[in-house]
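Summary of structural features
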There are 2 protein chains.
Amino acid sequence: MTPREAVQAYWTAAQARDWDAFTALLSDDIVYELPQSRERIRGKERYLTFNTEYPADWHATLRHVVAESGRAVSWTDFLTNGEPEIVVTFFTFGADGLIQTVTDFWPEPFEAAAYRAGLVERY
Amino acid sequence: MTPREAVQAYWTAAQARDWDAFTALLSDDIVYELPQSRERIRGKERYLTFNTEYPADWHATLRHVVAESGRAVSWTDFLTNGEPEIVVTFFTFGADGLIQTVTDFWPEPFEAAAYRAGLVERY
């Protein structure tokens, strides 16, 4: 499985709550990080618990994957308790093709800046 | 120039305020987007103005690039008015190798979640 295929399979399994398929993609010593809160989760078992116990109704739609040898990034649209969110995820892979690290960014909406309004259109 | 080289050159030129080198990497009809505020800037001239007039003291250090044919993503550490920030940037390239689209995410810090404290270490 290439990094691109593994990222596609990761999000397909997550959205389907197919936790057997999900964990089959992960290294036993996977490291998950959230740089925005400086939280880290170590190990496949804890990472699975984190995902299965996430306290929200969520739906994930993979929008973009950029992949190369041993590394990939995804842009995934979420609908979390009815609210749209985006998660950008950096993945690294071991020599066995399993996911070794997952690093999530959850960027939140902010106001458009007044100083640049003359340069900008809104969408 | 490959997408990886172009992304490296983009951040090197931005950090050096070498605006000639910077604009040489850009398509004339570049489109810049900020999904968090739904702001869009069209065209090389306006995008250059946006960058040169950014009202802060900032220093950019490229940390990761993931690149493939026609697309790339960077993770860049910023120091903005002395405060650390991260920007994650999606790039697409035209057939001429110039940067066609730039999409920035600026994820802000958030609090660690109490419900998962038993799974998590802080770093």
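Note that the coordinates shown come from a computational prediction; the quantities given were computed from them, not determined experimentally.

1. Comments concerning the side chain of Arg116(A)
Structurally, Arg116(A) can be placed in the loop between β6 (99-105) and β7 (121-122). With residues near it in sequence (within four places) discarded, Arg116(A) still touches Phe110(A), Leu34(B), Glu39(B), Phe50(B) and Tyr54(B).

2. Quick look at helix α3 (residues 44-52) of chain A
All names here are of chain A. Listing the buried residues of α3 in full gives Tyr47, Phe50 and Asn51. Seen end-on, α3 carries its buried residues on one side only, within an arc spanning 95°. Buried residues along α3 sit against α1 (3-16), α2 (19-24), β1 (26-34), β2 (39-42) and β6.

3. Examining the side chain of Arg40(B)
Mapped onto the elements of the fold, Arg40(B) is located in strand β2 (residues 39-42). Excluding residues that lie within four positions of it along the chain, Arg40(B) makes contacts with Leu119(A), Val120(A), Glu121(A), Tyr123(A), Val31(B), Tyr32(B) and Glu33(B).

4. Digging into the environment of Ala16(B)
By the element assignment, Ala16(B) lies in helix α1 (residues 3-16). On a C-alpha basis, the gap between Ala16(B) and Val87(B) in space is 17 Å, while along the polypeptide they are 71 residues apart.

5. Examining unusual backbone geometry
Negative phi characterises most residues that are not glycine, and trans characterises most peptide bonds. One non-glycine residue, Arg38(A), lies in positive phi territory at about 55°. Its location among the elements puts Arg38(A) in the loop between β1 and β2. Owing to a relative accessible area of 43%, Arg38(A) belongs among the partly exposed residues under this scheme. One non-glycine residue, Arg17(B), adopts positive backbone phi at about 50°. Relative to the helices and strands, Arg17(B) is located in the loop between α1 and α2 (19-24).

6. Let's talk about the sheet that holds strand β5 (residues 83-93) of chain B
Sheet architecture is open: 7 strands sit in the order β7(A)-β2(B)-β1(B)-β6(B)-β5(B)-β4(B)-β3(B), paired in mixed fashion. Of all strands in the sheet, those with a lone pairing partner are β7 of chain A together with β3 (58-68) of chain B, marking the two edges. The sheet contact formed by β7(A) and β2(B) spans 2 bridges and is antiparallel. Bridged to Arg122(A) within β2(B) is Glu39(B). Against the sheet, helix α3 (residues 44-52) of chain B touches β1 (26-34), β2 and β6 (99-105) of chain B, its axis set at about 55° to β1(B).

7. Things to note about the environment of Trp106(A)
By the secondary structure assignment, Trp106(A) is in the loop between β6 and β7. Exposure remark for Trp106(A): the relative accessible area of 15% places this residue in the buried category. With 71 residues separating them in the primary sequence, Trp106(A) and Pro35(A) have C-alpha atoms 9.5 Å apart. Residues contacting Trp106(A), with those up to four places away along its chain left out, are Tyr32(A), Leu34(A), Gln36(A), Phe78(A), Glu85(A), Ile86(A), Val87(A) and Phe110(B).

8. Regarding the relation of the copies chain B and chain A
The operation relating the pair of chain copies consists of a rotation about an axis and a translation along that axis. By a simple turn and slide, chain B fits onto chain A: the slide is 0.0 Å along the axis, the RMSD is 0.0 Å, and the turn is 180°. A rotation of that kind, with that shift, is consistent with a two-fold axis. Looking at the rotation axis and the C-alpha trace of chain B, the residue lying nearest is Pro107(B), at 2.0 Å. The overlap is high: 100% of the interface residues of chain B also sit at the interface in chain A, so the same surface is used on both sides.

9. Remarks on the interface of chain B and chain A
Where interface size is given, it is often the accessible area lost as the parts come together that is meant. Listed per partner, the contact involves 47 residues of chain B and 47 residues of chain A. Taking both sides of the interface into account, the surface hidden between chain B and chain A amounts to around 4600 Å²; carbon and sulfur atoms contribute 62%. Sorting the residues of chain B by area buried against chain A places Phe110(B), Leu119(B) and Tyr123(B) first, and these three jointly supply 19% of that buried surface. Here chain B is connected to chain A by 8 salt bridges. In this structure, Glu68(A) engages Arg4(B) in a salt bridge whose closest nitrogen and oxygen atoms are separated by 2.4 Å. Taken together, chain B and chain A are joined by 22 residue pairs in polar contact (both at pLDDT 80 or more).

About the criteria used
Residues numbered from 1 in each chain as written. Chains lettered and ligands numbered in written order. Predicted model: local features only at pLDDT ≥ 70, side-chain atom pairs only at ≥ 80, totals over all residues. Heavy atoms only, no water. Helix = DSSP H or I, 4+ residues; strand = E, 2+ residues; numbered from the N terminus. Contact = heavy atoms within 4.5 Å. Buried < 20%, exposed > 50% of the residue type's maximum accessible area, 1.4 Å probe, protein only. Arc of directions from axis to C-beta. Pairing = 2+ DSSP bridges. Axes fitted to C-alpha atoms, helices over the stretch in contact; angles between N-to-C directions. Least-squares fit on C-alpha atoms with pLDDT ≥ 70 in both. Buried area = accessible area lost by both parts, 1.4 Å probe. Salt bridge = Lys/Arg side-chain N within 4 Å of Asp/Glu carboxyl O. Polar contact = N/O pair within 3.5 Å; in protein donor to acceptor, adjacent residues only side chain to side chain.

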